[in-house]
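For reference, the chains in residue letters:
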Amino acid sequence: MNQRLQLPEKFFRLAAWGSAGLSLLILVFMLILGRPLLGHDLFALVFHQPWQPDRQLYGLFPMLVGTLAVSTTALLMALPLAFGTAILAAIIRPGGCGRLLVRIVQLLTGMPTVVYGFVGIFLLVPRLRTLFGGGSGRSILAAALMLALLITPTMVLIFIDSFQRVPRGWQTAAAALGCTPMQTFRHVILPRAAGGLLSGTILAFGRAVGDTMIALMLAGNAVAVPCSLLDPARTLTSQIALVFAADFSSLEFKSIFLCGLILYLLTSTLTIALRLARPTVGYQP
Amino acid sequence: MENLKNIRQPMKIIRFFLLLFLAMLLAGAGPAPAADDALAPFRDEQGTLKIAGGTAHIPVMKAAAREIRRVNPRIRITIAGGGSGVGIKQVGEGLVDIGNSGRRPTAAEIEKYHLRLFKWAVDGVAVVVNPANPVRSLSRAQLRDIYAGRLTNWRQLGWRDLPIDLYTRDQASGTRAVFWKKGLAKGEISPRANFVVANGAMKSAVATDPGAIGYLSVGYLDRTVAPVAIDGAAPSREGRYRISRGLYSNTRGEPRGLTKKFINYLFSPAGQQLIAEAGFIPVAR
């Protein structure tokens, strides 16, 4: 028995270490290739300068603001939507209607993001332009609305999963004590599912930060720091996609590794911070 | 049944050859014997030709590939975009056979990659607006003011109260390089300008946004956008229009085999006709 387990176990261990090592290697790779810029005053580079490669200014602050604005707005829009859908599908109507809803949501998770971008350009952007009068319609709002659509299905599925992992027995016990379904949800299911809700949110935020096509096609990619939701903005991912074709030996090109580094640190610190601040309400096994 | 099949099979073959013969007769009697002369060298060629780079070149590359594959379908020609910077880089590193650029490669690039340059056309970079916009003529000074963000409303240019939406291309674009140098006299481009990734994307952006102004290769001009005359000169084949540039196909070292035949074809009368049909001014070798 022991002998037979060894090979698969070795294989899985190798796969696990391999992928963990790979993500670290990517970090090292970006550090090495971005080194020519790391010599500069990094703080000024990231927070002060504008992006004007003609004048040897490679500031990434506008893109940092753009990324945060687009993905946070998308998350704020998607969160209530996903929460409501998950409650409806898992708790209020777990039967036929809920199951149909889950099927539809599963279908949505597989949609390529370029499709969202395309739909956004032809259906959403012109409407935003006429609705708010003036401006090209390419804006943080346009990208965030489409991104919200992109990340909602992921969140819904993880939320439903975490609701369903609350032991049946607890719910029956709560019902036996005279709780209404909503009371059961509020006091039994929600506290137990909090960790799952948090992971779903982090995952969705990571997806919003990392997505390229939607922001590239809909956000307008202007290099000015955006001041309102209707302003165009450039995200770090779009910046990489746009500058990628530059002369490979130029500083301009090397700055995209700094972009990658910022994205990497952004998502990893966020994940770590939220994991540390994991809510401790309710039952801890 | 079996018999019938046996009889039909040879009849099918005979009919096929009859049709082929007829087709050859028709092709021989067709209107373009000169074109087929130029294509003769491709008859006993085979293999793959990889082309990448400037997006302005693509309509001509596609037309040439179509003609070549008409006489010899065994030749595979792949055509990718990416922009002038990518074209030069990829041909220099041997990833593609022909790297197109909408600007002359720099002396450093030529030396580093041992490039051979073939300039086969002059391309105008047309300033375009949405067809709903009646403004069809601008002075160079007005153009500079618009792109610098000093003129911000179409009312200032004799149309209705509508903010001007600027569209521009990324730094690696040859179209941008020419427009910036010759259209804007290296003037400033407002940081609030929207960035799009290719000539085609520029066309669809301007075509769908009433307040838009942008610029693209004349090869991409069609009825969905309206060209604007600059200092009284319309973007056309006449020599007076000054925002123009050479279209280059570059090879690493002296071209050989299929690559050489392809470039010869571009300079043949048939090839030059394809170039003219795409809206460019053909250049003799």
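Conventions and cut-offs
- Residues numbered from 1 in each chain as written.
- Chains lettered and ligands numbered in written order.
- Predicted model: local features only at pLDDT ≥ 70, side-chain atom pairs only at ≥ 80, totals over all residues.
- Heavy atoms only, no water.
- Buried < 20%, exposed > 50% of the residue type's maximum accessible area, 1.4 Å probe, protein only.
- Helix = DSSP H or I, 4+ residues; strand = E, 2+ residues; numbered from the N terminus.
- Contact = heavy atoms within 4.5 Å.
- Phe/Tyr/Trp six-rings, centres within 6.5 Å; stacked < 30°, edge-to-face > 60°.
- Buried area = accessible area lost by both parts, 1.4 Å probe.
- Salt bridge = Lys/Arg side-chain N within 4 Å of Asp/Glu carboxyl O.
- Polar contact = N/O pair within 3.5 Å; in protein donor to acceptor, adjacent residues only side chain to side chain.
- Nonpolar A, V, L, I, M, F, W, Y, C, P; charged D, E, K, R; others polar.
- Domains from an automatic or database assignment.
- Pairing = 2+ DSSP bridges.
- Core = buried A, V, L, I, M, F, W, Y, C linked by side-chain atoms within 4.5 Å.
- pLDDT = per-residue confidence, 0-100.
- Axes fitted to C-alpha atoms, helices over the stretch in contact; angles between N-to-C directions.
- Parallel < 35°, antiparallel > 145°, perpendicular 65-115°, else oblique.
- Patch = residues over 30% accessible without salt bridge, like charges linked within 9 Å, V, L, I, M, F, W, Y side chains within 5 Å.
- Areas by Shrake-Rupley, 256 points an atom, 1.4 Å probe, with all protein chains shown as cover.

## A closer look at helix α6 (residues 140-148) of chain B
Residue and element names in this part refer to chain B.
Okay, step 1: Taken together, the buried positions of α6 are R140, L143, I146, Y147 and A148.
Okay, step 2: Where α6 is buried, its residues contact β4 (115-129), β5 (137-138), β6 (165-169), α7 (174-183), β8 (212-217) and β9 (226-230).
Okay, step 3: Downstream of α6 by one or two residues, G149 has phi in the positive range, about 85 degrees.

## Here we look at the packing of aromatic side chains
All names here are of chain A.
Okay, step 1: Enumeration over the complete set of coordinates arrives at 14 aromatic pairs over all chains.
Okay, step 2: Relative to F159, the ring of F83 lies with its centre 6.4 Å away and its plane at 80 degrees, an arrangement referred to as edge-to-face. Here F159 lies in helix α7 (residues 140-164) and F83 lies in helix α4 (residues 61-92), a separation of 76 residues in the sequence.
Okay, step 3: Residue F159 is classed as buried on the basis of its relative accessible area of 1%.

## A look at the interface of chain A and chain B
By a widely used convention, the size of an interface equals the accessible area lost when the partners come together.
Okay, step 1: Each partner contributes to the interface: chain A provides 22 residues, whereas chain B provides 23 residues.
Okay, step 2: Across the chain A/chain B interface, buried area totals approximately 2,000 Å², and carbon plus sulfur atoms make up 56% of it.
Okay, step 3: Inspection of the chain A/chain B interface yields two salt bridges.
Okay, step 4: For A:D231, the salt bridge goes to B:R192, with nearest N and O atoms at 3.5 Å.
Okay, step 5: In this assembly, chain A and chain B are joined by nine residue pairs in polar contact (both at pLDDT 80 or more).
Okay, step 6: Broken down by class, the residue content of the side of chain A that touches chain B amounts to 11 nonpolar, five polar and six charged.

## Comments concerning the domain arrangement of chain B
Residue and element names in this part refer to chain B.
Okay, step 1: You can read the domains of chain B as domain 1 (37-122 + 246-282) and domain 2 (124-230).
Okay, step 2: Taking only C-alpha atoms, the centre of domain 1 and the centre of domain 2 are 28 Å apart.
Okay, step 3: Contacts between domain 1 and domain 2 engage 11 residues on the former and 11 residues on the latter.
Okay, step 4: Taking both partners together, domain 1 and domain 2 bury about 750 Å²; carbon and sulfur atoms supply 53% of that area.
Okay, step 5: On the domain 1 side of the contact with domain 2, T55, A56 and F280 bury the most area, a combined 41% of that side's loss.

## Observations concerning the pattern of salt bridges
Residues and elements named next belong to chain B.
Okay, step 1: One pass over the full model with this rule turns up 13 salt bridges over all chains.
Okay, step 2: Where R70 meets E67, a salt bridge forms, and the shortest distance between an N and an O atom there is 3.0 Å. Highlighted residues: R70 and E67, both in helix α3 (residues 58-71), separated by three residues, approximately one helical turn.
Okay, step 3: The class for R70 is partly exposed, based on a relative accessible area of 49%.
Okay, step 4: The closest approach of N and O atoms between R116 and E254, which form a salt bridge, is 2.8 Å. Of the two residues, R116 is situated in strand β4 and E254 in the loop between β10 (244-252) and α9 (257-267); the sequence distance between them amounts to 138 residues.
Okay, step 5: For R116, a relative accessible area of 33% puts it in the partly exposed group.

## A word on the pairing of β6(B)
All names here are of chain B.
Okay, step 1: The buried count for β6 comes to five of five residues, which makes it a mostly enclosed element.
Okay, step 2: Of the two faces of β6, the one lined by D165, Y167 and R169 and the one lined by L166 and T168 are each fully buried.
Okay, step 3: Two strands pair when backbone bridges link them, and β6 and β8 are joined in this way by two bridges, in the parallel orientation. Following the sheet pairing, D165 is matched in β8 by A212.
Okay, step 4: Across three bridges, β6 lies against strand β7 (residues 194-196) in parallel orientation. Each bridged residue has a counterpart across the sheet, and for Y167 the counterpart in β7 is N194.

## Thoughts on the nonpolar core
All names here are of chain B.
Okay, step 1: Membership of the largest hydrophobic core comes to 72 residues, with the highest contact counts inside it found for Y147, I213 and F262.
Okay, step 2: Residues lining this core come from more than one domain, with at least three contributed by each of domain 1 (37-122 + 246-282) and domain 2 (124-230).
Okay, step 3: Once residues within four sequence positions are removed from consideration, F262 is found in contact with F42, L49, I51, M61, A64, I68, I77 and I98.

## Overview of the confidence of the model for chain A
Okay, step 1: Residues with a pLDDT of 70 or more make up 91% of chain A, whose mean pLDDT is 86.
Okay, step 2: Low pLDDT, under 50, characterises residues 280-285 of chain A; the predicted model gives this stretch five contacts beyond four residues in sequence or across chains.

## Topic: the packing of helix α9 (residues 181-210) of chain A against helix α12 (residues 251-276) of chain A
Residues and elements named next belong to chain A.
Okay, step 1: Contact pair α9 / α12: the axes reach a minimum separation of 11 Å and the direction vectors enclose 170 degrees. Here α9 is positioned roughly antiparallel relative to α12, judged by the angle of their axes. Only L263, L266, T267, L270, T271, L274 and R275 of α12 make contact with α9, whose side of the interface consists of L198, S199, I202, F205, G206 and V209.
Okay, step 2: Within the contact of α9 with α12, the residues separate by chemical class into eight nonpolar, four polar and one charged.

## Focus: a nonpolar patch on the surface
Residues and elements named next belong to chain A.
Okay, step 1: Where nonpolar side chains cluster on the molecular surface, the patch consists of L100, I104, L108, M111, V114, V115, F118, V119, F122 and L123 and spans about 830 Å² of accessible area.
Okay, step 2: Listing elements by their share of the nonpolar patch, those giving two or more residues are α5 (96-109) and α6 (113-132).
Okay, step 3: Sort the elements by how many residues they give to the nonpolar patch and α6 lands first, with six residues.
Okay, step 4: Here F118 is to be found in helix α6.

## Quick word on the pairing of β10(B)
All names here are of chain B.
Okay, step 1: Burial within β10 is extensive, with eight of its nine residues counted as buried.
Okay, step 2: Two strands pair when backbone bridges link them, and strand β3 (residues 98-101) and β10 are joined in this way by three bridges, in the antiparallel orientation. Opposite S101, over in β10, you have Y248 as the bridge partner.

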